[in-house]
Amino acid sequence: MTTSLAYGTWPSPLTAASVSTASPRLEGAQYVGDDVWWGQSVAAEGGRTTVMRRTATTPPESLLVAPWNARSSVHEYGGGAWAACEDGVLVFVEKTDQRVWLVRPGGDPRALTPESGGYRFGGLSVQHGRLLAIRETHGDSPTPLRDIVEISMDASADRDGSAVTVLASHSTFVAQPALSPDGTMLAWIAWDHPHMPWDETQLRVKQLAASLDDFITVAGGNGSAPLQPVWTSLAELTYTDDESGRWNLMRVAPGPDGAAARALAPANADTGGGLWVLGLRWFGVLADGRIVAIRTNGSDEVVVIDPDGTATALPIDVMANTVIEAARGHEVLISTSGADGSATIWRVDVDQPERAERVAGGAPAWVKEWMPRARPFVVEGARGPVYSFDFPPTNPNVLAPVNERPPYVVFVHGGPTSHVGGAASGKIAYLTSRGIGVLDVNYGGSTGYGREYRERLLGQWGVVDVEDVIAAAQGLAEAGIADPHRLAIAGGSAGGWTVLCALAQSDVFGAGISRYGVADLRRLAEDTHDFEARYLDSMVGPLPGAEQLYIDRSPLSRLDQFTTPLLIEQGLDDLVVPPSQSEAVRDALATAGIAHAYLAFEGEGHGFRRAETIEATLEAEIAFIGAVFDFAPADVPPIELD
C-alpha cells in the first residue's frame, strides 16, 4: 500500500547504522593459489583494514586479527598496504608504525623493516617472488625522500635495515614499479614538484644492475602523464598515456634506439585517472595477450581488447571506482561500484562473463526498489558543458506529492581532481529513500572526461567549480526537477572548499554541509603535506606572487558574506585539512549569529571510517536539512543549531 507524504518525511528502512556497515571499503584484491584475497575495512572496529580470504569451499575469513591494521600513509593517502605470495605469506604495512610486517598462515606477524628511521612504506607488490615497495623517508627536510625499494622477506631488515635495497630514486615521487619477466629490468612512474601525477609524469626504465642515475625516459616529460607500466614481453612495455587528451593504452620497446610508441585501440574514453593512492590499475594483460581495460567517459565500462585492436565490452555491473586488480590466465579480478552502489569484487572469466562470480561485497541489504538509478544530467555552464548524475527521490511505499517539487542536495566531490561515475551509495539512498534528491556533480577539473575538461580548473579553483555547481543546481530547478527554494550543497575536503565558496558567492543554496573543508588557502599551503605541497600552484597560482589571489578567494576572507545555515564536520586527527580551518569558520558564524552546528570527531582523519562517526554524520545531515527546510525526517533525532 502506498501513501502520499511530503518530501523529506518519507519513512525508510535504511537506517544510519545499516548504511554505515552495508558496504565496506574494499582495498585491493589478489589471486593466491586458487583463492582470492582482498582488503576490507571493518567500520565496527574503528575502520581498521583487514585482509580477507575466500576459497572455493569456505566462507570468507579474516587473515589479520585486531588490532592489526593494514594501512599506509605514503603521500598521506596511502594505497598498496598489503600483498601476498603464492604460498600464502601475507605482507602488510601496519598503520600505527608504518613498518612492513610478514605473517604466515597460523603464525604471528614479524617485522621486515626497521623500527626507526622515519620510514613509511606503501605500494607493496610481490613480483617474481620479490617484494617491492615505495619507501618514504621523513627527516629534517620538509620534503621527504622517496625510493622504490626491494625488501628481503627473511626478516633481517627489522634489525639494521640492510635488507632494504634501493632500486630507483632521483625524483620527488615514484610509483608503480614493474619488474621485467626475467627480473633484470625495472620500469616505473616518476614525477616532480610542482606537477601532480595527472599533470605530467615520466615512464622510466633501467637495468637493475645499473647505477641509480643510469635510467632512460621512455614516455612523458612533455606535458603528458603516463601511468601503469606492464611488461608484456622481455622487450616490450604496455602502459597508458594521455598525450592525445585521453588516457589510452600504448606499447613501446624501451631503449635508446627503440621504435616510437604505438597506440592500442584508442578511444574517446580514459583508461587511467588520478593517482591519488598507490596500487591503482586500469588494465590487466591476460596470458594470451588480450588486455582487459577500464574505459571511463562519465561512467565506467570494462572491455576486452584483442591483439587486432577490437574492443568488446564485458557485461559486468560496473559503474564507478573500477580497478583491474589482477589478471591471470583468462581471468581477472575487478573491484567496482555497480549501478546500485554496492562495492563489489568480481572474478570474471572473460570467455564466460555470464558466469562472473561476486567474491566480496555485492548487493546492499535493501532490495533494488529502494536504490535510486542515476540519470545523467548535463547543463551548459559559463565555460562549457557541466556533467552530473541525478538521483531522484525513490521509495516504493510512498507517492510523490502532487504539485510539489523535492528538496535536493548537490554533492561536490573532493580532490578536486577526482570523479563520480553515477553509482548510487548507501549515503545517497539514505537521502533519496526519505524524499530528498541528490545531484552528484563532476564540475570542471574532474577526471573521466579527458584532459581538456580536467584542465578547465587550472588557475580557477574557487571559480570554475563554483560556477559549475551553481549552474547544475539552477539547471535542475529550471528543468522542474528540484525545488529552487530547497537546494542544499554538501562536500568534503576540496568539495568542502567549493561548498564554502559557493555560499560566500551565491544565494542559490539554502543550506550547506562542509566536511573538513578547506577555508583558508594560505593556511592550506602552509599546513598541507608534501604530496599536495605544490598542488595550489596550478589550481590557483604559485606563492608568493599569487598571495592576494589566495586571500581574495578564501572563504575566511569573505565570512561577512555568509548568510546561509551551515553544518561543519571535522576529524580531529586530520593532517590534510587541520581542524583549525573548520574551527575558524565555526567561530565566524557564531560571531555573525548565523545558524550552524559543529561536529568534531576524535580518532578521525581526512575522511571518516568509524561506524559511529558515519552514523552520526548521516543522521546529523538529514536532521540539519530538515531543520533548515522545515520538515521532520522520519526516525531521525533532531539537531540543535547554534
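Residues numbered from 1 in each chain as written. Predicted model: local features only at pLDDT ≥ 70, side-chain atom pairs only at ≥ 80, totals over all residues. Heavy atoms only, no water.

For this particular structure, what's the right way to read the overall build of the protein chain?
A count of helices and strands for the protein chain gives 11 helices and 38 strands. Here the C-alpha radius of gyration of the protein chain, 24 Å, is about what a compact globule of 642 residues would show, namely 26 Å. For the protein chain, the spread of C-alpha atoms along the principal axes amounts to about 70 × 60 × 50 Å. Scored against the burial criterion, the 642 residues of the protein chain give a buried share of 59%. Pairs at least 24 apart in sequence give 57% of the contacts found in the protein chain among residues at least 6 apart. For the protein chain, the exposed surface amounts to about 23,800 Å²; the carbon and sulfur share of it is 49%. Computed over 46 positive and 81 negative side-chain charges, the inter-centroid distance for the protein chain is 3 Å. (Helix = DSSP H or I, 4+ residues; strand = E, 2+ residues; numbered from the N terminus. Rg over C-alpha atoms; globule rule 2.2 N^0.38 Å. Buried < 20%, exposed > 50% of the residue type's maximum accessible area, 1.4 Å probe, protein only. Contact = heavy atoms within 4.5 Å. Areas by Shrake-Rupley, 256 points an atom, 1.4 Å probe, with all protein chains shown as cover. Lys, Arg positive; Asp, Glu negative; His and termini not counted. Charge placed at Lys NZ, Arg CZ, Asp CG, Glu CD.)

Looking at this model, I keep getting lost on helix α6 (residues 494-505). Mind explaining?
Two residues of an α-helix separated by three or four positions point the same way, owing to the 3.6 residues in each turn. The terminal C-alpha atoms of α6 lie 17 Å apart, and with 12 residues this matches the ideal 16 Å at 1.5 Å per residue to within 8%. Along α6, 11 of the 12 residues are buried, which leaves the element largely enclosed by surrounding structure. Turning to α6, its buried residues number three or more, namely Ala494, Gly495, Gly496, Trp497, Thr498, Val499, Leu500, Cys501, Ala502, Leu503 and Ala504. (Expected span 1.5 Å × (residues − 1).)

Honestly, the nonpolar core in this entry has me stumped. Any pointers?
In globular proteins that are soluble, nonpolar side chains generally tend to be buried together. If you look at the biggest cluster of nonpolar residues, it comprises 138 residues, and the most contacted ones within it are Leu186, Val292, Trp461, Ile489, Phe509 and Leu521. Residues in contact with Ile489, not counting those within four places in the same chain, are Val410, Val412, Val469, Val499, Ala502, Leu503, Phe509, Ala511, Gly512 and Ile513. Judged by nonpolar contacts, the second largest core, of 16 residues, contains Val100, Leu112, Phe121 and Ala155. (Core = buried A, V, L, I, M, F, W, Y, C linked by side-chain atoms within 4.5 Å.)

Please clarify how the packing of aromatic side chains should be interpreted in this entry.
Two measures describe an aromatic ring pair: the distance that separates the ring centres and the angle between the ring planes. Throughout the structure, instances matching the rule amount to 19 aromatic pairs. Between Trp68 and Phe92 the ring centres are 5.7 Å apart and the planes differ by 85°, which places this aromatic pair in the edge-to-face class. Note that Trp68 is positioned in the loop between β5 (61-62) and β6 (82-84) and Phe92 in strand β7 (residues 90-93), a separation of 24 residues in sequence. Owing to a relative accessible area of 0%, Phe92 belongs among the buried residues under this scheme. (Phe/Tyr/Trp six-rings, centres within 6.5 Å; stacked < 30°, edge-to-face > 60°.)

What is the right way to read helix α10 (residues 579-592) from this model?
If you check α10, its first and last C-alpha atoms are 20 Å apart, about what 14 residues at 1.5 Å a residue would give, namely 20 Å. When α10 is considered as a whole, its buried residues turn out to be Pro579, Gln581, Ser582, Val585 and Leu589. Take α10 and look down its axis: the buried residues cluster within an arc of 165°, on one side only. Immediately downstream of α10, the backbone of Gly593 shows phi near 75°, a positive value. (Arc of directions from axis to C-beta.)

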